[in-house]
Amino acid sequence: MGARSVSPHHCPGPFMLFAPQVVSGSRHEPGYCAFYDECGRNPSVGGSLIPPIVPCLNYSPARVLGPEHYQELKKVCPMLDRGEGQTTACCSVKQLKSLERSLMMSKALLNRCPSCADNFGHFHCISTCSPNQSVTINVTRTANITSQGTVREAVVAYQAYLSTSFADKAFDSCKSVRIPSTGGLAIGTMCGRYGSALCTPQRWYDFQGDSSNGLAPLDIDFRLIPEGVTGAVPAGIVPYNGTALGCNEKTPTGGEVCSCQDCQASCPVLPPPPALPAPFTIGGVDAFLLFLLSPYILRNIMGLFSKKRKVKGEVNNWNDETERLIHPSEVTCIDRNSLVAQEFLGSWFQAWGTLIASHPFKVLLASAVVVGAFATGLMYIELTTDPVQLWSAPDSRARKEKDMHDKYFDPFFRTNQLILTAPGRPSYIYDSLIFGKQNFSGIISKDLILELLKLQTRIQVLTKPYPVHYPLHSSPLSFKDITDLKMSCMADYGAPVFPFLAVGGYESKSKYFLWSPGCRQWGTLIATHPLMCCWHSYRSLEDEINRTTAEDIPIFMISYAVIFVYISVALGEYTSFSRILVDSKFLVGLGGILVVGCSVLASMGFYAWIGIPSSLIILQVVPFLVLAVGADNIFIFVLEYQRDARRPNEKREEQIGRVLGNVAPSMLLCSVSESVCFFLGALSTMPAVRSFALYAALAVVLDFVLQMTAFVALLSLDCKRQDRNRCEVVCCITVKTPAPSKPNEGFLLPIMRKYYAPVLLHPVTRVIVMVVFITMLMSSIYLMLHVTVGLDQELAMPKGSYMLEYFKYLYAYFEVGVPTYFVTTKGFDFSKVMGMNAVCSSVGCDPFSLTQKIQYASEYPQRSYLAVPANSWVDDFIDWLNPGSGCCRLYTEGPDEGKFCNASECEYKVPDRKAICVLRIQETHSTLLRPNVTQFNRFLPDFLGNRPDLKCPKGGLGAYDKAVVRDENGEIIATRFMAYHTALTTSREFTAALKTARELAHNITLTMRKINDTPPDFEVFPYTVTYVFYEQYLTIVSEGVFIISLCLLPTFVVCCLLLGMDVRSGTLNLLTIIMITVDTVGVMTLWGIDYNAVALINLVTAVGISVEFVSHMTRSFALSIQPTHIERAKEATATMGSAVFAGVAMTNLPGIVVLAFAKAQLIQIFFFRLNLVITLLGLAHGLIFLPVLLSYFGTFVSVCVSTNRLDNHKRF
C-alpha cells in the first residue's frame, strides 16, 4: 500500500550506508523521468512489514520498452499500454515486479471490486512508471546510499500531485468494499487512525504515503489539487487528472462491475420493506375496544327512546317464582338414568366411607405401604435444570437446528464476558492535533489502564490454554499500529478485535468487554479489583436460578407451615374454652397436609420409575396446587360432618359414611375435572409444561384416592377420640365438659346465611354485580390482546444478583447483539460456478445470493434486527485463489513439489523450493476467476488451514476453518455464514429477531434450491444460542389457547355427566371458569406480568383452582330443592360458599402472601403476584358472580333431586 518500488527479495538484502539530503530544485518536463531503477533499502524506515526498497534519482527521458519489459508493464499497469514498440515508461522490470508485489497486499482486499483495485493501482503506476513522471511528482528529499561499494543517490521523499476529481472518484469506488471475514470495510484498514467512518480521499492517500504504516518504502506527500487551481502547484507540475472508474463500470481489461455489497450504484432498485400495519381504529379509538363497548352503547341509545310502563305492585321476576316439584310420572328415561347415577354415587361412597371408617388402622397401613412403594422411585429421580431441556421440545425446530449446529460446529459453551467501568471517575478533555478536542472517559486514564492490564494478566493465567480476546493487546483490523508502540494489531489467534466487541458507550463512558472460554473463578478474582466489574459466563443464568431457588426453599416451607397452621386451627369446632384441646383438629390438619405430601411424593416416585424427569418448578408449584385442591375437599368433608347430626341408632362409622356419600360426588366432580384437565395439558410441546401437567394430574388423582381412604380413616380415629372427650396429642387426658347436643355450624356459616347471601342477592346488588363483572370481562378481553409475551432474562435473577448489573451494562453499552449463523445443510454443490455465485457477494456473483440477501436485510436493522452482514468463506476463497492475491502458491520443485506454500515464506530462501501460484483465470467467455471442481476441492483445505497475515490477509484459518465441514469424500455437508444481530434487550426483540431471521433464511433456501442438482430437502436455517429459548414465544399464544381450551373441556363434560346431563349447569360452570382465566390474563397486563411458559403453567393451575371455586357451588345449587332460584342461590352461597371460602381462599392466601418475601423476582412475579390474582379472582367469581349468575340463569329444581325427595318423603 503506497509502495512505489519494493524488491521481490523479501529476505535480508546487502549492506548499505546512506547520507540524506534535501533536493534544492527539480526539472519537470513531459517525457522525462524523475527517478529510475532501484537503489536499495531505505535505512530511515525501521520496522517495515516489507523491505523498503527505494528508487534512484535519475532525471532522464522515458525508455522505450523491449518485448519482455512491455509484457510486464501491460500486466501490471495496463493503463500505460500504447502498443508494443510504441510504449515508453520510467520504471525498470525490477521496479514493475516490485510494484506488482507491493500492490498485491492491498489488492488482496480490493480485488473483489475490479474497478476499485484498478483505481488503487492506477496512480501508483502513474507515479512510478508514467513516461511523464517528472510533471506529476516533485522529488523533495534524497539520500546517498552505499551498496557493495557503489554510492548512488536515492529518492526517499517526493510530492505527488493529482486532481481532486480523480482522487474523489477513486475513493468513492473503494469506500464500500467489504472484508467478508469480518463484515467490515476494507477502507478502514487503509486510513490509519481515522478508520472507515472518518476516512476521506486526502486521509486515504496520506496513509498510503506515510512510511510509518509498514508498507510505504518512502514518504509521499499527496497533494490533491482542485481543477483550475494553479497557485499551489510548482512550475512545470501538472496534477494528474486521468480517468478513474466508477464501481459500477467495467475495467478496460474486462473486469466486471462491482457487486452490490461493494458498490451501492450496482444494487438493483429494491422497494423498501412495507410499513408495519397500523392498528385498526375508528375515529382514533381502537376498533376492538369499540366492538366490546358497542353492546353498552347500543343499550343506552335504546334506553333513551324506549318507554317502560311501571305498574305499582306489578313485579315480573321469574327468579322469585316458586318452582313446581316434578311428579315421578313425569320423569323421562334420561332423568331416570341420571337419578340412578346420583343414587349409585351417593350409596357407593356411603358404603365405602362406612367400610373405611370401620377399619382405620388397616387402611392407614395399606395407604402407607402403597405410598412407600411409589415413593421408592424417588431414588431414580432426575431433576432437569438445563433451560434448553426445560423449555424446548427435543423434536422442536430450534432443538433440531441446535443439535445439527453443535454436531458439525463448535457449540456455544463456556463463553464468558467481563465488563469493566469506572463510575465516578471524571472524564477529561484531550486536545488532539488531528481530531481537535475530544472528551475521553475516565476508564482509559493511565492508572486504570495499568490496573486493567494487571487484571488481564491474571485472567490469562486462569484461561490457558484457551484463546481470549484482550482489548489492551489488540485493536481493530489495520496493517500496523500507527502509535509509537509499533505493536501488532491482530489478536493472539490471528484475527482482529473490533470496536463493537471490545468497547462500548462511545457517546458517554467506555466499557471494556473481555471474552473468554470460561473461568468460574472470576467472581473471586474481580471482587477486590478497583475497577467496577460485572461478569457473565455461559452457565451464569442457570447457576443463579438454581442458587436462588435453593435459597427460596425456606420461603416455600414457611408458606406451607402457615397453611398447615391455618388448616389445623380452622377445622376446629371450639364450643367452649375447656374443650379446645378436644375439639381442635390439629392432627386432622396434619393428616390432610401429609395426604397432600404423600400424593406429591407418590406421583414423583411413579414418574421417576418410568423415566420422566422432574424440575424445580414441579417441586414448587405441584404441592401448592394439590394443597389448594386437597384443602378444599378436606374443609367440605369436615365442615359437612361437623354440621351434621347423628341419626338415632346410627354408629359413628355409619355417620361418616353417610356424610361422605353426600359430599364425595362433589369432590369427585372437581378431582376428575382437574385430573383430566392436567392430563390433557400434557399434550403441550414444551417439556416443562408437559412434565408439570403429568405430575399434577397424577398427584390430584392420588390425593383424591388418599382422601377417600387415609383421610377418612384418620377422621374416624379423631372422631372416636372426640367422642371420648380425649385431648388431642395427649390422648391420655380426658375432659369432663360434655360435647354440645346440637351440631356446630361454626363461625362463618351463620354470617354467610344471615348477612352475606341476602345482601349479595338483593335485586339492586345483583344488577350491579352483573354489570361490574361483564365490564371486567370485556376490559380483560381487550387487555388480553395487549399482554406482553416473553420472559426477560433479568426477571429470572434475584434482586441483588451480580447478573442484574451485567444486564444493565450490556443493554446500555453493547453495540451489537449476539452473532447469528446462517447454516446450510447437506446437498448444495459449492464447487460449481453456479453454486459459488449463488452464495458469494463479490464481482460476478448473483445479486440475490445468500450473502447479498443478508446484506440487503442488514440495511434495515430496525426490521431485520441484523446489524452486521454475514461473512463469506466463499468470497474469501475466491479472492485467495486469485493470482493477484499471492496466497495460493505451490512448491514447483524440490521434495515438497506440489504441496501448498504459505505466502509468508521467503521465496528465495531455499533455492530448490521456489513457489509460484499455479492457478490461473479460466479460459472462458468470462474474465471472472472461478475454480473448476477439481481446483475447488484441491485448494479448499489449504485455504482453510492458511493463517491470515499481511502477505495473505485472505487466509481462512481462524475465520473459516470451523465454518466448513466436509465428509471423508471431501463433500461439503455443512457450512455457516456469521452475521451479527442488533443489540437485543427484550424478549419481544429476541423473538422478532428469530422470526425475521427464519423468514430471511427461508427466502434464501427457495432461491438456492433453484440451482441445478440441489435436492428439495436442502435448507438454510439461522442459528444462535438464544433461539432455542425464544422459539416457544412464536407459538406460545396459540399453544396456550389450545392447552387451556383442552383443560376447560373436561370441566364442562364432567359437570354435565355427574349432574345428570345438566347442560345448563355445565355451561354456567364453564363460563365462570373462562371468565376467571380471561380476567387473570387481563390483570397480568395491568400488573406487568408477562405471558410465557411459567405463566402458562400458572394459568393451567388457575383452571384447576377455579374448578374448586366454581364446581362445588354449581353442584350445590343444582341439587338444592328450595322453591326459587334466589333461595337456592342463597342456600348454596351459605352452605357451600362458606366451605369454599374457608377451604380454598383462606388456605391459599396466607401461603401466597409469604411468597412476597422471596428473593427471586421470578417467584415474586409468577408465584406471588399471579397466584394472588388467581385466588382473588376465583374467590370473587365463585362467591360473588356465580351465585348471582345462577340466580338468573341457573337450572330449575333437578328432576332427580325432586323425585328422590318425594320417594324419601313416602319412605319416612
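What you see is a predicted model, and the numbers here were worked out from it, not measured in a lab.

Q: Tell me about the overall build of the chain, and name the residues and values.
A: A tally of regular secondary structure across the chain gives 36 helices and 27 strands. Looking at the chain residue by residue over its 1212 residues, the buried ones come to 55%. The long-range fraction of contacts in the chain, counting pairs at least 24 apart against all pairs at least 6 apart in sequence, stands at 75%. Of the roughly 52,100 Å² of accessible surface on the chain, 61% is carried by carbon and sulfur atoms.

Q: Requested: an account of the packing of aromatic side chains, with residues and values cited.
A: One pair of aromatic rings is described through two measures. These are the centre distance and the angle between the planes. One pass over the full model with this rule turns up 35 aromatic pairs. Ring geometry for Tyr1192 versus Phe1193: centroids 5.9 Å apart, planes at 40°, classification tilted. Look at Phe1193 and you get partly exposed, because its relative accessible area is 44%. Across the ring face of Tyr1192, the terminal group of Arg766 is positioned such that the distance to the ring centre comes to 4.1 Å. Here Arg1128 stacks its cationic end above the ring of Phe1117, 4.4 Å away from the centre of that ring.

Q: A description of the nonpolar core should follow, citing residues and the corresponding values.
A: Ranked by size, the top nonpolar core spans 152 residues in total, and within it Val622, Phe637, Phe692 and Phe1166 carry the most contacts. Apart from the residues lying within four places of it in its own chain, the contact partners of Phe1166 are Leu791, Ile1089, Asp1090, Asn1092, Val1094, Ala1095, Asn1098 and Asn1171.

Q: Requested: an account of helix α19 (residues 652-681), with residues and values cited.
A: Every α-helix winds through 3.6 residues per turn, so residues three or four apart in the chain are directed the same way. Given a rise of 1.5 Å per residue, 30 residues ought to cover 44 Å, and the 41 Å separating the end C-alpha atoms of α19 matches this to within 8%. With 24 of its 30 residues buried, α19 lies for the most part within the structure.

Q: Residues and numbers for the environment of Ala602, please.
A: For Ala602, the location among the structural elements is in helix α17 (residues 586-609). For Ala602, a relative accessible area of 4% puts it in the buried group. Along the sequence, Ala602 and Ala373 sit 229 residues apart, while their C-alpha atoms lie 8.0 Å from each other. In this view, Ala602 contacts Phe374 and Leu702; residues no more than four positions away in its chain are not counted.

Q: With reference to specific residues and values, describe the packing of helix α21 (residues 748-760) against helix α34 (residues 1125-1154).
A: Their axes nearest at 9 Å, the elements α21 and α34 cross at an angle of 125°. Classified by the angle their axes make, α21 and α34 are oblique. The chirality of how α21 crosses α34 is right-handed. Contacts from Leu748, Leu749, Met752, Arg753, Tyr756, Ala757, Pro758 and Leu760 in α21 reach Lys1130, Thr1133, Ala1134, Thr1135, Gly1137, Ser1138, Phe1141 and Ala1142 in α34.

Q: Account for unusual backbone geometry, with residues named and values stated.
A: With the exception of glycine, most residues fall at negative phi, and the peptide bonds are largely trans. One non-glycine residue, Asn649, lies in positive phi territory at about 60°. Of note, Asn649 is situated in the loop between α18 (616-643) and α19. One non-glycine residue, Asp1013, adopts positive backbone phi at about 70°.

Q: Residue-level account of the state of the cysteines, with values.
A: Under the counting rule described, the total for this entry stands at eleven disulfides. Between Cys77 and Cys125 runs a disulfide, and the two sulfur atoms are separated by 2.0 Å. In this structure, the disulfide formed by Cys77 and Cys125 twists by about -80° around the S-S bond and is classed as left-handed. Placement of the pair is Cys77 in the loop between α1 (67-76) and β5 (88-89) and Cys125 in helix α3 (residues 114-129), with a sequence separation of 48 residues. Note that Cys191 is cross-linked by a disulfide to Cys199, the S-S spacing being 2.0 Å. What sets the handedness of the Cys191 and Cys199 disulfide is the S-S torsion sign, and at about 85° it is right-handed. Of all cysteine sulfurs, the one in Cys677 lies closest to Cys1047, which takes part in no disulfide; the gap is 3.2 Å.

Q: Quick one: what's the story with the environment of Asn132, residue by residue and with numbers?
A: Structurally, the position occupied by Asn132 is in the loop between α3 and β6 (137-147). Linking Asn132 and Ala34, residues 98 residues apart in sequence, is a C-alpha distance of 9.0 Å. Aside from chain neighbours lying at most four places away, what touches Asn132 is Pro30, Gly31 and Tyr32.

Q: Let's hear about a nonpolar patch on the surface: which residues, and what values?
A: A surface patch of nonpolar side chains, about 560 Å² in accessible area, is lined by Met379, Tyr380, Phe606, Trp609 and Ile610. Within the secondary structure, Met379 is located in the loop between α8 (360-375) and β13 (383-384).

Q: Give me the pairing of strand β21 (residues 819-824): which residues, what numbers.
A: Strand residues, when the strand is regular, have side chains that alternate between the two faces of the sheet. With respect to burial, β21 is a largely interior element, six of its six residues being buried. Covered by surrounding structure in β21 are Pro819, Tyr821 and Val823 together with Thr820, Phe822 and Thr824, the residues of both alternating faces. Here β21 runs beside strand β26 (residues 972-981); their pairing, made up of six bridges, is antiparallel. Residue pairing for β26: Thr820 is matched across the bridge by Ala979. Alignment of β21 against strand β27 (residues 1020-1023), held across four bridges, turns out to be antiparallel. Residue pairing across strands places Val823 opposite Phe1021, the latter belonging to β27.

Q: Could you give me a rundown of the confidence of the model for the chain, with the residues and numbers involved?
A: Mean pLDDT for the chain: 79, with 79% of residues reaching 70 or above. When pLDDT is averaged over each helix and strand of the chain, the minimum, 41, is found for strand β18 (residues 511-516) and the maximum, 96, for β27. Within the model, pLDDT remains below 50 along residues 1-19, and this stretch shows 79 contacts once partners closer than five positions in the same chain are excluded. In this model residues 304-318 is a low-confidence stretch, pLDDT under 50, and it forms six contacts with partners more than four residues away in sequence or in other chains.

Q: Just give me the short version of the pattern of salt bridges, but keep the residues and values in it.
A: All chains considered together, the criterion is met by 25 salt bridges. Here Asp1013 ties to Lys832 by a salt bridge, and the two come within 3.2 Å at their closest N and O atoms. Of this pair, Asp1013 sits in the loop between α29 (987-1008) and β27 while Lys832 sits in the loop between β21 and α24 (833-837), and the two are 181 residues apart along the sequence. Taking the shortest distance from any N to any O, the salt bridge between Asp876 and Lys954 comes out at 2.9 Å. With Asp876 in helix α27 (residues 873-881) and Lys954 in the loop between α28 (933-944) and β25 (964-966), this pair connects stretches of sequence that are 78 residues apart. Each of the two residues, Asp876 as well as Lys954, counts as buried. Salt bridges sharing partners connect three or more residues here, namely Arg397, Glu401, Arg998 and Glu1031.

Q: Residue-level account of helix α5 (residues 201-208), with values.
A: Every buried residue of α5 is listed here: Pro201, Trp204, Tyr205, Phe207 and Gln208. Angular distribution of buried residues about the axis of α5 spans 160°; they occupy a single face of the element. In the core, the buried residues of α5 are packed alongside α3, β7 (150-163), α4 (164-174) and β10 (219-225).

Q: I'd love a proper account of the side chain of Ser115, names of residues and values included.
A: With respect to the helices and strands, Ser115 occurs in helix α3. Judged by its relative accessible area of 0%, Ser115 falls in the buried class. Among residues more than four places away in sequence, those in contact with Ser115 are Ser173, Leu245, Gly246, Cys247, Glu249, Thr251 and Cys258.

Q: Lay out the environment of Ser1065 in plain terms, naming residues and giving numbers.
A: By secondary structure assignment, the location of Ser1065 is in helix α32 (residues 1063-1087). Spatially, the C-alpha atoms of Ser1065 and Thr1114 are 6.6 Å apart, while their sequence positions differ by 49 residues.

Criteria and thresholds
Residues numbered from 1 in each chain as written. Predicted model: local features only at pLDDT ≥ 70, side-chain atom pairs only at ≥ 80, totals over all residues. Heavy atoms only, no water. Helix = DSSP H or I, 4+ residues; strand = E, 2+ residues; numbered from the N terminus. Buried < 20%, exposed > 50% of the residue type's maximum accessible area, 1.4 Å probe, protein only. Contact = heavy atoms within 4.5 Å. Areas by Shrake-Rupley, 256 points an atom, 1.4 Å probe, with all protein chains shown as cover. Phe/Tyr/Trp six-rings, centres within 6.5 Å; stacked < 30°, edge-to-face > 60°. Lys NZ or Arg CZ within 6 Å of the ring centre and 35° of its normal. Core = buried A, V, L, I, M, F, W, Y, C linked by side-chain atoms within 4.5 Å. Expected span 1.5 Å × (residues − 1). Axes fitted to C-alpha atoms, helices over the stretch in contact; angles between N-to-C directions. Parallel < 35°, antiparallel > 145°, perpendicular 65-115°, else oblique. Left-handed = near helix turned anticlockwise from the far one by under 90°. Disulfide = S-S within 2.5 Å. Patch = residues over 30% accessible without salt bridge, like charges linked within 9 Å, V, L, I, M, F, W, Y side chains within 5 Å. Salt bridge = Lys/Arg side-chain N within 4 Å of Asp/Glu carboxyl O. Pairing = 2+ DSSP bridges. pLDDT = per-residue confidence, 0-100. Arc of directions from axis to C-beta.

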